[in-house]
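Topology and contacts: notes
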Amino acid sequence: AAASPRAARLILPLLDIGQSVPVLGFFPAAIYVFVSLLGGGRLALELAAIFLVFTCQTWNMAFGIYESLSTIPPDLRLALRSLGVRGWLELRRLLIPACVPRLVYNSIVSWSNGWYFLIACEIIAVGPVNYTLPGLGSSLAQALARGDLGVAASALTALIGLVVALDFLVWRPLSRWSERFTYQAEAAAAPPALGPLESVLPNLALPLVVRGLRGLARVGRLFPAAALGRALERPRALARRAWRGLRWLLGAALAALGVAAALATARALIPPWHPDARLLPAALGLSTLRILAAYLLALAWVLPVALWASGNRRVSDRLALVAQVGASIPATAFFPLLVALFAGRFAGMEVVSVLLAMTGMQWYLLFNVLSGVRGVPGDLHESLRSLGLSRRAIYRKLVIPAAMPSLVTGSVAAWGGGWNSLIVSEYVVFRERSYSVLGVGSLIDRATYVKGDRSLLFLSVATLVVTVVLINRLFWQPLYRHVNERYRQESA
């Protein structure tokens, strides 16, 4: 999509659609493929849950890679092309390294998003049909539904402990390593110092690499390259023939699944519809207003906090950890506190719904803006300080413009997360009582868990998808192109 405008016209709308479909919208596909076709055993249900978690994670990572490739400085591409760097060499030396920082950051967000929607992914239901898998998500959901705050707190504590451990063991070393691929304007920028874990891991892997190279050398002495090539020629030819046949079979199977899904969707959308379908226009308008309010509230605190942390690596690391923990906590875990604060007061559930939607939006913004301000070249910071500019002037002249592409990418992802979080912010079950407000999310929840009505579910999801795609096409994409052209970093 970043390399071909023609491909982008096809790929980006598909990513928009995938991002805008709430996880409950994938329930019919998960039940049909993994329960009906594969028998509905334990393995099939585990695969269904993994598929649902995948639908929560993949779109954010794809948008991050698209941003990384589309914001590579043009003069850097021209310099490599002038040296004859093309094809695989360009992919290995420029394109993949350019994606590493954003991919690591967006992987952290996607991982947290998987935890956030774990409740929905471990309890797969359509009307009276209910499949519950053991796990932290289902334990937390069942404890909150019956009002058992002790079990809910235990599950939440275990979840937070996992998030913190993964941050120290996996994500923090990966983040430091990924900074080696950040574009810098100076010719010889010093790489960031490695921590103890990053230093130990290569030393542990080095003996295995040396042994592997020695083994390959012995194989090369026993079997010269020409002889080895002739020996492998027939298996390669057989593999190519097998792949040609398998490729057509896979294509036919995917086409058949696509046709079956389209027919099932068309049948579900044929009138007469459920009586609640007449509420869709009002529900869509109210949900849009809640998402807008939640976005403005999130932006009001994320932007100043990210700017404050931009010049301090220790504060930035701690803030990233807080963001990981916050992004991993499902919205329903905040519900008892919010009910205690706002229940019975003016527009109480409306306020609760906006705040719960904000929990699904603010971390996308924070992660992306933090990544953007971290990517500002350090030499530019120093040059502006040497000219006597104040910190506020540096923010206004350098940091905010440099972070604008990341801010727009984070805003797109945040709105996608906000639309998805409607299913957990507009309809909540607590102490065996349902709390809801009119909105697309509550209609999808009722169609899935209460009524089991596929026509209402598909109609609500289709309305939501069309709305999100139109907003992205008419507003976010022109804004992103404008920001990318105006605030792109150049090396000269």
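The numbers attached to residues start from 1 for each chain and follow its sequence in the written order. Where local features are concerned, this predicted model is filtered to residues with pLDDT of at least 70; where side-chain atom pairs are given and counted, the filter is 80 or more; whole-chain, interface and lining totals use all residues. Where side-chain values are given, they derive from all heavy atoms of the structure, hydrogens and water being excluded.

1. Points about the overall build of the protein chain
Assigned secondary structure in the protein chain consists of 19 helices and four strands. Three labels apply to residues, based on accessible area from a 1.4 Å probe with only protein chains included: buried if under 20% of the type maximum, exposed if over 50%, partly exposed otherwise in between. The proportion of buried residues among the 492 residues of the protein chain is 46%. Expressed as a percentage of contacts within the protein chain between residues at least 6 apart in sequence, the contacts between residues at least 24 apart total 77%. Within the structure as shown, the protein chain displays about 25200 Å² of accessible surface, and the carbon and sulfur contribution to it stands at 68%. Secondary structure elements are taken from DSSP: a helix is a run of H or I of four residues or more, a strand is a run of E of two residues or more, and numbering for both begins at the N terminus. Contact definition: two residues touch when any of their heavy atoms are within 4.5 Å. Each accessible area is a Shrake-Rupley result for a 1.4 Å probe, and residues are judged covered by the shown protein chains and nothing else.

2. Here's the deal with the side chain of Asp-445
Examined against the element boundaries, Asp-445 turns out to sit in helix H18 (residues 440-450). Among buried charged residues, Asp-445 stands out as having no salt bridge; its nearest opposite-charge side chain is Arg-446, 8.2 Å away. Setting aside residues up to four positions removed in sequence, Asp-445 forms contacts with Leu-24, Leu-422, Ile-423, Val-424, Tyr-427 and Val-450. In this tally Asp and Glu are treated as negative and Lys and Arg as positive; neither His nor the chain ends contributes. The term salt bridge refers to a side-chain nitrogen of Lys or Arg lying within 4 Å of a carboxyl oxygen of Asp or Glu.

3. Quick word on the packing of aromatic side chains
Paired rings are identified among Phe, Tyr and Trp, the last through its six-membered ring, by centres lying within 6.5 Å, and are further divided according to the angle between planes into stacked (under 30 degrees), edge-to-face (over 60) and tilted (the rest). Under the counting rule described, the total for this entry stands at 11 aromatic pairs. For the pair Trp-177 and Phe-181, a centre-to-centre distance of 5.1 Å together with 75 degrees between the ring planes defines the contact as edge-to-face. Here Phe-475 and Trp-476 contribute two aromatic rings whose centre-to-centre distance is 4.8 Å and whose plane-to-plane angle is 70 degrees, an arrangement assigned as edge-to-face. The rings of Tyr-295, Trp-415, Trp-419, Phe-475 and Trp-476 are connected pair by pair, giving a single aromatic cluster. Here, a charge over a ring means that NZ of Lys or CZ of Arg falls within 6 Å of the ring centre while also lying within 35 degrees of the ring normal. For the cation-ring pair, Arg-172 lies above Phe-168, with the distance from its terminal atom to the ring centre recorded as 4.5 Å.

4. Notes on the environment of Val-100
Structurally, Val-100 can be placed in helix H5 (residues 87-116). Assessed through its relative accessible area of 12%, Val-100 is described here as buried. Sequence-wise, Val-100 and Ser-68 are 32 residues apart; in three dimensions their C-alpha atoms are separated by 8.5 Å. Not counting chain neighbours up to four residues away, the residues in contact with Val-100 comprise Trp-177, Ser-178 and Phe-181.

5. A closer look at the layout of surface pockets
Residues are called lining when one of their atoms sits within 4 Å of a cavity or pocket point, these points coming from a 1 Å grid over the protein atoms alone, where a cavity is a set in which a 1.4 Å probe fits but cannot get out and a pocket is an open set with protein on both sides within 12 Å along at least five of seven lines. Grid points are joined across faces, edges and corners, and a volume is the space filled by probe spheres set on the points. Approximately 1100 Å³ is the volume found for the second largest pocket. In terms of lining residues, the second largest pocket is bounded by 31 residues, among which Gly-25, Phe-26, Ala-29, Ala-261 and Thr-265 are the most central. Contributing elements (two or more residues each) for the lining of the second largest pocket: helix H1 (5-20), helix H2 (27-37), helix H3 (42-70), helix H10 (225-269) and helix H19 (454-487). Under the convention adopted here, Pro, Cys and the residues Ala, Val, Leu, Ile, Met, Phe, Trp and Tyr are nonpolar, Asp, Glu, Lys and Arg are charged, and Gly plus all remaining residues are polar. Of the residues belonging to the lining of the second largest pocket, the class tally is 24 nonpolar, five polar and two charged.

6. What to know about the confidence of the model for the protein chain
Confidence scores per residue from the predictor, reported as pLDDT, run from 0 to 100. On average, residues of the protein chain score 77 in pLDDT, and 84% of them reach the 70 mark or higher. Averaged pLDDT values for the elements of the protein chain fall to 49 in helix H9 (residues 196-222) and rise to 90 in helix H11 (residues 280-309). Across residues 185-206 the pLDDT falls below 50, and counting only partners more than four positions away or on other chains, this stretch makes 16 contacts in the model.

7. Looking at a nonpolar patch on the surface
The residues that make up patches have over 30% relative accessible area and no salt bridge, and they are joined within 9 Å when like-charged or within 5 Å when they are Val, Leu, Ile, Met, Phe, Trp or Tyr. Taken together, the side chains of Tyr-32, Leu-37, Leu-38, Leu-43, Leu-47, Ile-50, Leu-254 and Leu-257 define a hydrophobic patch exposed on the protein surface, amounting to about 830 Å² of accessible area. Elements that contribute at least two residues to the nonpolar patch include exactly H2, H3 and H10. By residue number, the principal contributor to the nonpolar patch is H3, which donates three residues. If you trace the backbone, Leu-37 turns up in helix H2.

8. A look at the pattern of salt bridges
In total, this model carries six salt bridges according to the counting rule given. Note that Arg-102 and Glu-67 form a salt bridge whose closest N and O atoms lie 3.1 Å from each other. Remark: Glu-67 occurs in helix H3 and Arg-102 occurs in helix H5; sequence separation between them is 35 residues. Taken together, the shared-partner salt bridges in this structure form one network comprising Arg-290, Glu-350 and Glu-426.

9. Side note on the pairing of strand E4 (residues 433-436)
Strand pairing is defined by DSSP finding a minimum of two bridges between the two strands. Across four bridges, strand E3 (residues 427-430) lies against E4 in antiparallel orientation. Considered in E4, the bridge of Phe-430 is made with Arg-433. Two successive antiparallel strands, E3 and E4, enclose a turn made up of two residues, where Arg-431 displays a positive phi of approximately 55 degrees.

10. With respect to the nonpolar core
Side chains of nonpolar character tend, in soluble globular proteins, to be buried together. In this structure, Val-23 and Phe-335 are the most contacted members of the largest nonpolar core, which totals 121 residues. Ranked by residue count, the leading element in this core is helix H17 (residues 391-425), at 17 residues. Sequence-distant contacts of Val-23, that is, excluding residues within four places in its chain, are made with Leu-52, Thr-55, Cys-56, Phe-117, Ala-120, Cys-121, Asn-420 and Ile-423. The next biggest cluster of nonpolar side chains, apart from the first, holds seven residues, and it includes Leu-69, Ile-72, Leu-80 and Leu-94. Nonpolar cores are built from buried Ala, Val, Leu, Ile, Met, Phe, Trp, Tyr and Cys residues. Side-chain atoms within 4.5 Å join them into one set.

11. Focus on the state of the cysteines
By definition, a disulfide links the sulfur atoms of two cysteines through a covalent bond. For this text, the term disulfide refers to a pair of cysteine sulfurs within 2.5 Å. Under the counting rule described, the total for this entry stands at zero disulfides. In this model Cys-56 remains outside any disulfide bridge; the closest cysteine sulfur is found in Cys-121, 4.1 Å from its own. On the accessibility criterion, Cys-56 (9% relative accessible area) is buried.

12. Regarding a positive patch on the surface
Charge placement uses NZ in Lys and CZ in Arg. For Asp and Glu, CG and CD serve respectively. The grouping of Arg-234, Arg-240, Arg-241, Arg-244 and Arg-247 at the surface amounts to a positive patch. Assignment of secondary structure puts Arg-244 in helix H10.

13. Some points on empty space enclosed by the protein
Enumeration according to the criterion identifies five cavities of 30 Å³ or more in this entry. Along its surface, the largest cavity is lined by 18 residues, and Cys-56, Trp-59, Asn-113, Tyr-364 and Asn-420 are the ones closest to its centre. Those elements that place two or more of their residues in the lining of the largest cavity are H1, H3 and H17. The biggest single contributor to the lining of the largest cavity is H3, with five residues. Per-class residue counts for the lining of the largest cavity are nine nonpolar, nine polar and no charged. The calculated volume of the second largest cavity comes to roughly 90 Å³. Contributing to the lining of the second largest cavity are Tyr-105, Ile-108, Asp-167, Trp-171, Arg-172, Ser-175, Asp-317, Ala-320, Gln-324 and Arg-374.

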